[in-house]
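# Remarks on the overall topology
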Amino acid sequence: MRLLAKQHDLFIGTAADPGYLQNDSAASQLLAREFNMLVPEVAMKWEIIHPEPERYDFSRGDALVTFARQHGMAVRGHVLVWDLQMPAWVTNGQFTRQEWMQILCTHIKSVVSHYRGQIYAWDVVNEAVNQDGTLRNTFWMNKLGPEHIAMAFQWAREADPNAKLFYNDNGGEGLNPKSQGIYALVQGLQQTGVPIDGVGMQMHTSLGGAPPAIELSANMQRLAELGLEIHITEMDVRLQYSTSDNETKLAQQADIYQQVLSVCLSVHNCKAFLTWGLTDRYSWIPGFTGKPDAPLLYDKDGVPKPAYFAIVKLLANQ
Ligand code: XIL
């Protein structure tokens, strides 16, 4: 898969964590063999990387960046501004507006400059838009207002001028009020000179829940016309809501993966396709939904599923 992706000038990646890379050598071999990009699933999130005001812990992020370098893989940085997985000193903090600005600025600059030159693209702002397209009332909206988005991109650019800076979200993949809101947001940022280079589409989806290919294509196309790069950043396809037999479910899952990748390959600015986890053993979905599932390209033993073969076939034949 990795070699085929290279022929398309495509990054093919997945979310990883040093926890399993250290304990599961089959998984780390699979990761290095099949993918040319990785993204830390949690290692660079605020609660891990900056657990106390004066303390950073880069160890897990560094382990992934080192792994990527050893295996000639690119890294997506995830994530700088998000309201989940934040440490208590931030969520319970009592500060003035000026101090909140300082806190966010210092966090972004410290993390981005620590990894300067080693990150292909950063998710600077994650999940800031509501289903209806308006800005979500996030932690940072509350503290700093909508300007925090522009500020975050500026600070990230100052800390690493070569990393591509992304807005990342879920549910705005097809054509709907949310994707309209995201489009308006990123276009507005560009028009006011804010350094934004791309849009990440998370693509956490399910059988029956995927955006129609024609809508995904139109949405990617309009973002590409703004000169933005597009990444599929966190794809997984849940099986749990379907009552079909397993074979049917796996075939439908393969179709969805194949369709999304096919649209990505057809839009020249779509440069990366990442799943959110290496194998079904490491998927976040069972923990998140409370139900077993198998949303990724490899089963829990690392055996490739129909979705994997569909992707390889598409990459080989296009
Ligand atoms: C998830 C991780 O997979 C979990 O391990 C963690 O407990 C919660 O976050 N959108 C994102 C990701 O941008 O950071 C989230 O990752 C999944 C949804």
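Right, let's walk through the structure included here. (Residues numbered from 1 in each chain as written. Predicted model: local features only at pLDDT ≥ 70, side-chain atom pairs only at ≥ 80, totals over all residues. Heavy atoms only, no water.)

Moving residue by residue along a regular strand, the side chains alternate between the two faces of the sheet. With respect to burial, strand S1 (residues 11–16) is a largely interior element, five of its six residues being buried. For S1 and strand S9 (residues 270–275), the ladder comprises four bridges, and the chain directions are parallel. Following the sheet pairing, Thr14 is matched in S9 by Thr275. Note that S1 and strand S2 (residues 37–40) share four bridges and pair parallel. (Buried < 20%, exposed > 50% of the residue type's maximum accessible area, 1.4 Å probe, protein only. Helix = DSSP H or I, 4+ residues; strand = E, 2+ residues; numbered from the N terminus. Pairing = 2+ DSSP bridges.)

A few words on the site of the ligand. Inspection of the region around the ligand gives 13 residues, with Glu41, Lys45, His78, Glu234 and Trp276 positioned closest. Residue Lys45 places a side-chain N or O atom 2.7 Å away from an oxygen atom belonging to the ligand. A distance of 2.7 Å separates an oxygen atom of the ligand from a polar side-chain atom of His78. According to the grid-proximity analysis, the pocket containing the ligand is the largest pocket. Of the residues that constitute the shell around the ligand, the class distribution is four nonpolar, five polar and four charged. (Near = heavy atom within 4 Å. Polar contact = N/O pair within 3.5 Å; in protein donor to acceptor, adjacent residues only side chain to side chain. 1 Å grid on protein atoms, 1.4 Å probe; cavity = no way out; pocket = protein on both sides within 12 Å on 5 of 7 lines; lining within 4 Å. Sits in = over half its atoms within 2 Å of the grid points. Nonpolar A, V, L, I, M, F, W, Y, C, P; charged D, E, K, R; others polar.)

All right, on to empty space enclosed by the protein then. A full pass over the atoms with the stated rule returns three cavities of 30 Å³ or more. Counted as a void, the largest cavity has a volume near 60 Å³. For the lining of the largest cavity, a count of residues per class yields five nonpolar, four polar and one charged. (Points joined across faces, edges and corners; volume = space filled by probe spheres on them.)

Glancing now at the packing of aromatic side chains. Following the criterion strictly, the structure yields 14 aromatic pairs and no others. The aromatic ring of Phe166 is capped on one face by Arg76, whose charged end is 5.0 Å from the ring centroid. Directly above the aromatic system of Tyr183 lies the positively charged group of Arg222, at a separation of 4.9 Å from the ring centroid. (Phe/Tyr/Trp six-rings, centres within 6.5 Å; stacked < 30°, edge-to-face > 60°. Lys NZ or Arg CZ within 6 Å of the ring centre and 35° of its normal.)

Bringing the packing of helix H11 (residues 213–225) against helix H12 (residues 246–266) into the picture now. Interhelical geometry of H11 versus H12 gives an angle of 30° and a closest axis separation of 10 Å. Judged on the interaxial angle alone, H12 and H11 are roughly parallel. In this structure, H11 crosses over H12, and the sense of that crossing is right-handed. Judged by residue contacts, Ala213, Leu216, Ser217 and Met220 of H11 engage Gln259, Val260, Val263 and Cys264 from H12. (Axes fitted to C-alpha atoms, helices over the stretch in contact; angles between N-to-C directions. Parallel < 35°, antiparallel > 145°, perpendicular 65-115°, else oblique. Left-handed = near helix turned anticlockwise from the far one by under 90°. Contact = heavy atoms within 4.5 Å.)

A few words now on the state of the cysteines. Counted by the stated rule, this structure contains one disulfide. Across the disulfide, Cys264 is cross-linked to Cys270 (sulfur-sulfur distance 2.1 Å). Measuring the twist about the S-S bond at about -100°, one finds the Cys264-Cys270 disulfide to be left-handed. Both residues of the pair, Cys264 and Cys270, belong to the buried class. (Disulfide = S-S within 2.5 Å.)

The next subject is the layout of surface pockets. Volume-wise, the largest pocket comes out at about 320 Å³. Looking at side-chain class alone, the lining of the largest pocket contains six nonpolar, six polar and five charged residues.

Okay, the nonpolar core next. The nonpolar side chains of a soluble globular protein tend to be buried, and buried together. Met1, Trp122, Trp140, Phe153, Tyr167, Met220 and Phe273 are the most contacted members of the largest nonpolar core, which totals 103 residues. In contact with Met220, other than residues within four places in its own chain, are Met201, Ile230, Ile232, Val263, Cys264, Val267 and Cys270. Counting residues in each nonpolar core, the second largest holds seven residues, with Val39, Ala272, Leu274 and Trp276 among its members. (Core = buried A, V, L, I, M, F, W, Y, C linked by side-chain atoms within 4.5 Å.)

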